[in-house]
Amino acid sequence: MDGVPVFFETSTLDAWLAEDLGIFDLTSTLLEIGTQPARISWVARQPMTLACTEEVARMAAMRGGSVADCLPSGRRVTPGTEIVSVQGVAQALLDCWKVGQNLLEYACGVATRTRAMVDLAALVNPDVGILTTRKHPPGLRRVAQKAVLAGGAFPHRLGLSETVLVFPQHRALMPGGWKDVRQALARHRRHLAEKKIVIEANSYEDAREAARCGADVVQFDKVQPAQLTQWCPRLRTEWPHLRLLAAGGIRPDNAATYAATGVDALVTSSLYFGPPADIGVRIEGDPVQAAHAIRAAGR
């Protein structure tokens, strides 16, 4: 998809800039280059899927730059493509240089890995979903989720209040085990008309217990593909409307194998971690703006 509508507050972008800027730029002040007209462009050095280009453009505009071009998140590009370019006073552009580069290298890296996994899984099962967890460092949720959306995946669960997800750790706090889970869910089922009940399972019997508790979705954790291939059709025969997820250890190199088991979606955290995208930055004097400045000074 081109363009991903994830909301970032202006205060967030301000905080990213403030973290790097400090009080002033010592280097450009010593070199006395901050006031001259300039142009900056962030450039793809490898094939990649873009993410968070819009935030880089916004930061540059917030510093007074004029955005000449900004390719949308989700766009696939080839090496040498200028993905964001901005004109303005040199200091404003220098302020955004590394913050923008760092953001793009992480976000585009995630988006590119995501697109690769989505494509690999679709080769064997075009209907399988790729869902990403919230297992990323704190503070990165918007960046991480924008990146995976740009790559063609969707969030698994954005927070604790979004859906019901019963883990074995929850069951460990209930003395009656599955019986207590079943009774609690039955008591509150009327409150869940617009919510899905997801229960994690580590075995076939756990999956059957989850279905008996009224689960809409069973999430298998760290179950091998060979077992899933056997269990999925048996569970669907008994509970035709049950949705099945595979989670735990899902990576780009085994995604196709898991996608072929018959599950409805793969749940993964691996896309958040890996090499950054290779983003270059060009900064140069802007001859057009410089000519305007010379003419204006001569009047």
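Predicted model only: the values in this text are computed from it and were never measured.

**Examining the overall build of the protein**
Logical step 1: Helix and strand counts for the protein stand at 11 helices and 13 strands.
Logical step 2: Computed over C-alpha atoms, the radius of gyration of the protein comes to 24 Å, more than 25% over the 19 Å expected from 2.2 N^0.38 for 299 residues, which places it beyond the range of a compact globule.
Logical step 3: Projected onto its principal axes, the C-alpha positions of the protein cover 85 × 35 × 30 Å.
Logical step 4: Within the protein, the fraction of its 299 residues that count as buried is 47%.
Logical step 5: Taking the contacts inside the protein whose residues are at least 6 apart along the sequence as the reference set, 73% of them involve residues at least 24 apart.
Logical step 6: Total accessible area on the protein is roughly 15,000 Å²; 57% of this is exposed by carbon and sulfur atoms.
Logical step 7: One finds the centroid of the 33 positive side-chain charges in the protein at a distance of 7 Å from the centroid of its 30 negative side-chain charges.

**Here we look at the sheet that holds strand β1 (residues 37-44)**
Logical step 1: The strand order across the open sheet built from 4 strands is β3-β5-β1-β13, with neighbouring strands paired in antiparallel fashion. Edge strands, defined here as strands with exactly one partner in the open sheet, are β3 (66-70) and β13 (279-285). Looking at each pair of strands side by side, their axes are set apart by 15 degrees on average, direction ignored.
Logical step 2: Here β3 pairs with strand β5 (residues 82-89) via 4 bridges, running antiparallel. Note on β5: the bridge partner recorded for Ser 66 is Gln 87.
Logical step 3: On the sheet, helix α4 (residues 90-124) packs against β1, β5 and β13 and is oriented at approximately 10 degrees with respect to β1.

**A word on the environment of Gln 101**
Logical step 1: Looking at the secondary structure, you find Gln 101 in helix α4.
Logical step 2: On the basis of relative accessible area, Gln 101 is assigned to the buried category, the value being 10%.
Logical step 3: When residues no more than four places from it in sequence are discounted, the contact partners of Gln 101 are Trp 42, Cys 96, Ile 279 and Val 281.

**Here's the deal with the side chain of Ser 41**
Logical step 1: Relative to the assigned elements, Ser 41 resides in strand β1.
Logical step 2: Ser 41 has contacts with Glu 82, Val 84, Ser 85, Gly 280, Val 281 and Arg 282, leaving out every residue within four places of it along the chain.

**Section: helix α5 (residues 141-150)**
Logical step 1: With respect to burial, α5 is a largely interior element, 8 of its 10 residues being buried.
Logical step 2: Where α5 is buried, its residues contact α1 (10-21), β2 (48-49), α3 (53-62), α4, β6 (129-132) and β7 (154-155).
Logical step 3: Downstream of α5 by a residue or two, Gly 152 has a phi angle that is positive, lying close to 100 degrees.

**A short note on helix α7 (residues 178-188)**
Logical step 1: All of the buried residues in α7 are Trp 178, Val 181, Ala 184 and Leu 185. One face of α7 carries all of its buried residues, which in axial projection span an arc of 130 degrees. Of the exposed residues in α7, the ones pointing more than 90 degrees away from its buried face are Ala 186 and Arg 187.

**Side note on the packing of α3 against α4**
Logical step 1: Axis separation between α3 and α4 bottoms out at 9 Å; the angle between their running directions is 170 degrees. When the axes of α3 and α4 are compared, the pair comes out roughly antiparallel. Residue-level contacts link Thr 53, Glu 55, Val 56, Met 59 and Ala 60 of α3 to Cys 96, Val 99, Gly 100, Leu 103 and Leu 104 of α4.
Logical step 2: When its residues are assigned to classes, the contact of α3 with α4 shows 7 nonpolar, 2 polar and 1 charged.

**Focus on the packing of α1 against α3**
Logical step 1: Where α1 contacts α3, the axes come no closer than 10 Å and their chain directions differ by 75 degrees. By the angle between their directions, the pair α1 and α3 is classed as roughly perpendicular. Between α1 and α3, the residues in contact are Thr 10, Leu 13, Asp 14, Trp 16 and Leu 17 and Glu 55, Arg 58, Met 59 and Met 62, respectively.
Logical step 2: A class-by-class count of the residues in the contact of α1 with α3 yields 5 nonpolar, 1 polar and 3 charged.

**Some words on the state of the cysteines**
Logical step 1: Enumeration according to the criterion identifies 0 disulfides in this entry.
Logical step 2: Looking at the unpaired Cys 96, the closest cysteine sulfur is the one in Cys 70, lying at 13 Å.
Logical step 3: Among the residues examined, Cys 96 registers a relative accessible area of 2% and is labelled buried.
Logical step 4: The thiol sulfur of Cys 232 is not disulfide-bonded, and the nearest other cysteine sulfur, from Cys 213, lies at 19 Å.
Logical step 5: Judged by its relative accessible area of 1%, Cys 232 is buried.

**Notes on unusual backbone geometry**
Logical step 1: Positive phi, normally seen in glycine, also occurs at Glu 32, with a value near 55 degrees.
Logical step 2: For Glu 32, a relative accessible area of 70% gives the class exposed.
Logical step 3: The phi angle at Lys 222 is positive, at roughly 55 degrees, despite the residue not being glycine.
Logical step 4: The residue Lys 222 is located in the loop between β10 (217-221) and α9 (225-238) in this model.
Logical step 5: For Lys 222, a relative accessible area of 60% puts it in the exposed group.

Quick notes on the rules
- Residues numbered from 1 in each chain as written.
- Predicted model: local features only at pLDDT ≥ 70, side-chain atom pairs only at ≥ 80, totals over all residues.
- Heavy atoms only, no water.
- Helix = DSSP H or I, 4+ residues; strand = E, 2+ residues; numbered from the N terminus.
- Rg over C-alpha atoms; globule rule 2.2 N^0.38 Å.
- Buried < 20%, exposed > 50% of the residue type's maximum accessible area, 1.4 Å probe, protein only.
- Contact = heavy atoms within 4.5 Å.
- Areas by Shrake-Rupley, 256 points an atom, 1.4 Å probe, with all protein chains shown as cover.
- Lys, Arg positive; Asp, Glu negative; His and termini not counted.
- Charge placed at Lys NZ, Arg CZ, Asp CG, Glu CD.
- Pairing = 2+ DSSP bridges.
- Axes fitted to C-alpha atoms, helices over the stretch in contact; angles between N-to-C directions.
- Arc of directions from axis to C-beta.
- Parallel < 35°, antiparallel > 145°, perpendicular 65-115°, else oblique.
- Nonpolar A, V, L, I, M, F, W, Y, C, P; charged D, E, K, R; others polar.
- Disulfide = S-S within 2.5 Å.

What is shown is where atoms sit, not what they do.
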